[in-house]
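Residue-level structure breakdown
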Amino acid sequence: MKAIQVGLLGIGTVGSGVFKVLQRNQEEIKRRAGRGIEITMVADLDTARAEAITGGKAKVVKDGREVIANPDIDIVIELIGGYGIAREMVMSAIAAGKHVVTANKALLAVHGTEIFEAAHKKGVMVAFEAAVAGGIPIIKALREGLTANSIQWIAGIINGTTNFILSEMRDKGLDFDVALKDAQRLGYAEADPTFDIEGVDAAHKATIMSAIAFGIPVQFDKAYVEGITKLAAQDIKYAEQLGYRIKLLGITKRTPTGIELRVHPSLVPAKRLIANVEGAMNAVVVQGDAVGTTLYYGKGAGSEPTASAVIADLVDITRLHTADAAHRVPHLAFQPDQMSSEKVLPMSDVVTSYYLRMRVADEAGVLAKVTGILAAAGISIDAMLQREAGEGEKQTDLILLTHSVREGTMNEAIAQMQGLPTVLAPITRIRKEELA
Ligand SMILES: NC(=O)c1ccc[n+]([C@@H]2O[C@H](COP(=O)([O-])OP(=O)(O)OC[C@H]3O[C@@H](n4cnc5c(N)ncnc54)[C@H](O)[C@@H]3O)[C@@H](O)[C@H]2O)c1
Ligand SMILES: N[C@@H](CCO)C(=O)O
Ligand code: NA
């Protein structure tokens, strides 16, 4: 089947990520979607930059209207941002019968009602996974994964820029302004960064989540919005001494009297997972009556993380647009005739790092023998700890952390170490995952 043709409006931070990831993973994405997905037209005011990014693989124009007018294009991605031109483009793409994918939470939180109504009437889809918590599939989770539940509340760190600023101020003692500049340089901040630091961006996202969670219209004008600009460094310190972290949270909650929708700095107990979400990372906690508490964590901003969500929407739309039975969401994510025969590795070929604990005789040369065996096997040591032997004790514990190595190699080294007369009990091995 012919590839579905996509037009991209705006090839800046997110747009360029979408173009790159779609190129890089095109084969795998095609096996999932059941059909190729190709960006054949790009509109950007900076056509020279757009040409440099697309490298001749798409037609570049200056005016998005040319893209929308092209009858071969089935999906339009809006990644310009803001209200004016973006709103006009989205509305005219819908009017032209195109499906729309957008990351523009500002537009949806304020003009969502008008946009979704128009799309509904025209029978096209407007997808916006990238608009809330970037790469985290929170829209999918709320709209599909949690449909059984009466959602009780949602609380999240949903602005990467402010979380980055708070983390940098706390950990590195950086000034607010310096941290903000870094966030802008890294592509996290909005075109107008006051949207980030004054809590507006988080409120846009909370507004969208609140609509999906509670079945209410998007109502940004009802949100309480307070950012981080009035936070004093000493409050961050005092909160810390009391066992709390200060985070900018977006909260929406169902109460007997109505729905709460608010964004403001909040003290969160330091032992909560969400209190330990640092840098530009986002995390959203959703409480449903059946499932209980669930947590979604990941990159909420940046070029490729956000592109990840945009492309997921493209795949969803492609499957639905193509809409014959063979192209519905496949049971195992890939189309049945596209399954791969790639093998599952035996455990001995798995590469990981290790924690090793051994009971050893407390005598000279033991450590040299153990490290000698590891060195000969090419296993490098990351950290080492030896418990001091107690008074009159003849043995002690030796603990080693290693760098990554093939499990088969580690098995042989453990067997050799176990054979040493000075190793007095079976060696304990626990695999160690950095998960970063
Ligand atoms: N950057 C992120 O991490 C991130 C994450 C989630 C969502 N978003 C949203 O994605 C959207 C894009 O953000 P970005 O960071 O990629 O912005 P950006 O400023 O990097 O890119 C916008 C692009 O649009 C182009 N453009 C401006 N006016 C245009 C017009 N009239 N016609 C065609 N092109 C035009 C610009 O030249 C630029 O290349 C925004 O809605 C933003 O809120 C961004
Ligand atoms: N400016 C936003 C981008 C992602 O929506 C943030 O910092 O989270
Ligand atoms: Na998302």
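All values reported here derive from a predicted model rather than from experimental measurement.

**Description of the overall build of the chain**
Along the chain, the regular secondary structure elements total 15 helices and 17 strands. Dimensions along the principal axes, computed over C-alpha positions, put the chain at roughly 85 × 55 × 45 Å. Residue pairs at least 24 apart in sequence account for 69% of intrachain contacts in the chain once pairs closer than 6 positions are excluded. For the chain, the accessible area works out to roughly 21300 Å², and carbon and sulfur atoms hold 54% of it.

**What to know about the coordination of the sodium ion (ligand 3)**
Every protein donor of the sodium ion (ligand 3) is listed here as E129 (O), E129 (OE), V132 (O), G134 (O) and I136 (O), and their distances to the metal cover 2.3 to 2.6 Å. Donor residues for the sodium ion (ligand 3), ordered by position in the chain, follow E-x2-V-x1-G-x1-I. Look at V132 and you get buried, because its relative accessible area is 0%.

**Some thoughts on the packing of helix 6 (residues 105-122) against helix 11 (residues 200-214)**
Running from N to C, helix 6 and helix 11 cross one another at 55°; their axes reach a closest spacing of 9 Å. As the angle between them shows, helix 6 and helix 11 are arranged oblique. Helix-helix and strand crossings are classified by hand; for helix 6 and helix 11 the assignment is left-handed. Counted together, K105, A106, L108, A109 and V110 of helix 6 and D201, H204, K205, T207 and I208 of helix 11 form the full contact between these two elements.

**Remarks on the pattern of salt bridges**
Considering all chains together, one arrives at 24 salt bridges under this definition. Among the ionic pairs, R185 bridges to D182, the shortest N-O distance being 3.3 Å. Residue R185 and its partner D182 are located together in helix 9 (residues 176-185), separated by three residues, close to a single helical turn. Residue R185 is classed as exposed on the basis of its relative accessible area of 61%. Put simply, R359 and E393 hold a salt bridge, and the shortest N to O gap is 3.6 Å. Residue R359 is located in strand 13 (residues 351-361), and its partner E393 is located in the loop between strand 14 (381-386) and strand 15 (395-402); the two are separated by 34 residues in the primary sequence. Given a relative accessible area of 23%, R359 falls into the partly exposed group. The network of salt bridges with common partners includes R170, D171, E240, R245, K247 and E278.

**Things to note about empty space enclosed by the protein**
Scanning the entire structure with this criterion turns up one cavity of 30 Å³ or more. The space that makes up the largest cavity amounts to roughly 70 Å³. Lining the largest cavity we find L166, S167, R170, I236, R245, I246, K247 and E278. Going through the elements one at a time, helix 8 (160-172) and strand 9 (244-255) are the ones with two or more residues in the lining of the largest cavity. Taken together, the residues of the lining of the largest cavity break down into three nonpolar, one polar and four charged.

**As for the UniProt feature "binding site: NADP(+)" (unreviewed entry) in the chain**
Here, UniProt's "binding site: NADP(+)" (unreviewed entry) annotation points to L9, G10, I11, G12, T13, V14, G15 and S16. Of the annotated positions mentioned, L9, G10, G12, T13, V14 and G15 line the largest pocket. Topologically, V14 is positioned in helix 1 (residues 13-24). With residues near it in sequence (within four places) discarded, V14 still touches L79, S303, T306, A307 and V310. Structurally, G15 is set in helix 1.

**Things to note about the site of ligand 2**
Contacts to ligand 2 come from K105, N159, G160, T161, Y188, A189, E190, D196, D201, K205, G300 and A301. Between an oxygen atom of ligand 2 and a side-chain N or O atom of T161, the distance comes to 2.6 Å. A distance of 2.7 Å separates a nitrogen atom of ligand 2 from a polar atom in the side chain of D196. When the free accessible area of ligand 2 is taken as 250 Å², the share hidden by the protein chains comes to 94%. Those elements that provide at least two residues to the shell around ligand 2 are helix 8 and helix 11. Considered class by class, the residues forming the shell around ligand 2 number three nonpolar, four polar and five charged.

**Details of the layout of surface pockets**
Estimated volume of the largest pocket: approximately 1000 Å³. Along the wall of the largest pocket there are 45 residues; nearest its centre are L79, I80, G81, E190 and A191. At three residues, helix 1 tops the list of elements feeding residues into the lining of the largest pocket. Among the residues forming the lining of the largest pocket, the class breakdown is 18 nonpolar, 17 polar and ten charged. Two domains each donate at least three residues to the lining of the largest pocket, and these are domain 1 (4-136 + 303-338) and domain 2 (138-299). Of the volumes computed, that of the second largest pocket is approximately 620 Å³. Lining the second largest pocket are 30 residues, and of these K140, A309, A312, D313 and D316 lie nearest its centre.

**Quick notes on the domain arrangement of the chain**
Where interface size is given, it is often the accessible area lost as the parts come together that is meant. According to the domain assignment, the chain consists of domain 1 (4-136 + 303-338), domain 2 (138-299) and domain 3 (351-432). Centre-to-centre separation of domain 1 and domain 3, based on C-alpha positions: 54 Å.

**Some remarks on the site of ligand 1**
Around ligand 1, 22 residues are found, and the nearest of them are T13, V14, D44, E190 and G302. Here an oxygen atom of ligand 1 and a backbone polar atom of T13 are 2.9 Å apart. Contact distances for ligand 1 include 2.7 Å between an oxygen atom and a backbone N or O atom of G302. Considering ligand 1 on its own, with 830 Å² of exposed area, one finds that the protein chains cover 82% of that surface. Here ligand 1 occupies the largest pocket. Partitioned by chemical class, the residues of the shell around ligand 1 number ten nonpolar, eight polar and four charged.

What counts, and where the lines are drawn
- Residues numbered from 1 in each chain as written.
- Chains lettered and ligands numbered in written order.
- Predicted model: local features only at pLDDT ≥ 70, side-chain atom pairs only at ≥ 80, totals over all residues.
- Heavy atoms only, no water.
- Helix = DSSP H or I, 4+ residues; strand = E, 2+ residues; numbered from the N terminus.
- Contact = heavy atoms within 4.5 Å.
- Areas by Shrake-Rupley, 256 points an atom, 1.4 Å probe, with all protein chains shown as cover.
- Donors = N, O, S within 2.8 Å, 3.2 Å for Na, K, Ca; no water.
- Buried < 20%, exposed > 50% of the residue type's maximum accessible area, 1.4 Å probe, protein only.
- Axes fitted to C-alpha atoms, helices over the stretch in contact; angles between N-to-C directions.
- Parallel < 35°, antiparallel > 145°, perpendicular 65-115°, else oblique.
- Left-handed = near helix turned anticlockwise from the far one by under 90°.
- Salt bridge = Lys/Arg side-chain N within 4 Å of Asp/Glu carboxyl O.
- 1 Å grid on protein atoms, 1.4 Å probe; cavity = no way out; pocket = protein on both sides within 12 Å on 5 of 7 lines; lining within 4 Å.
- Points joined across faces, edges and corners; volume = space filled by probe spheres on them.
- Nonpolar A, V, L, I, M, F, W, Y, C, P; charged D, E, K, R; others polar.
- UniProt positions renumbered as here; feature names shortened; annotations may be inferred.
- Near = heavy atom within 4 Å.
- Polar contact = N/O pair within 3.5 Å; in protein donor to acceptor, adjacent residues only side chain to side chain.
- Domains from an automatic or database assignment.
- Sits in = over half its atoms within 2 Å of the grid points.

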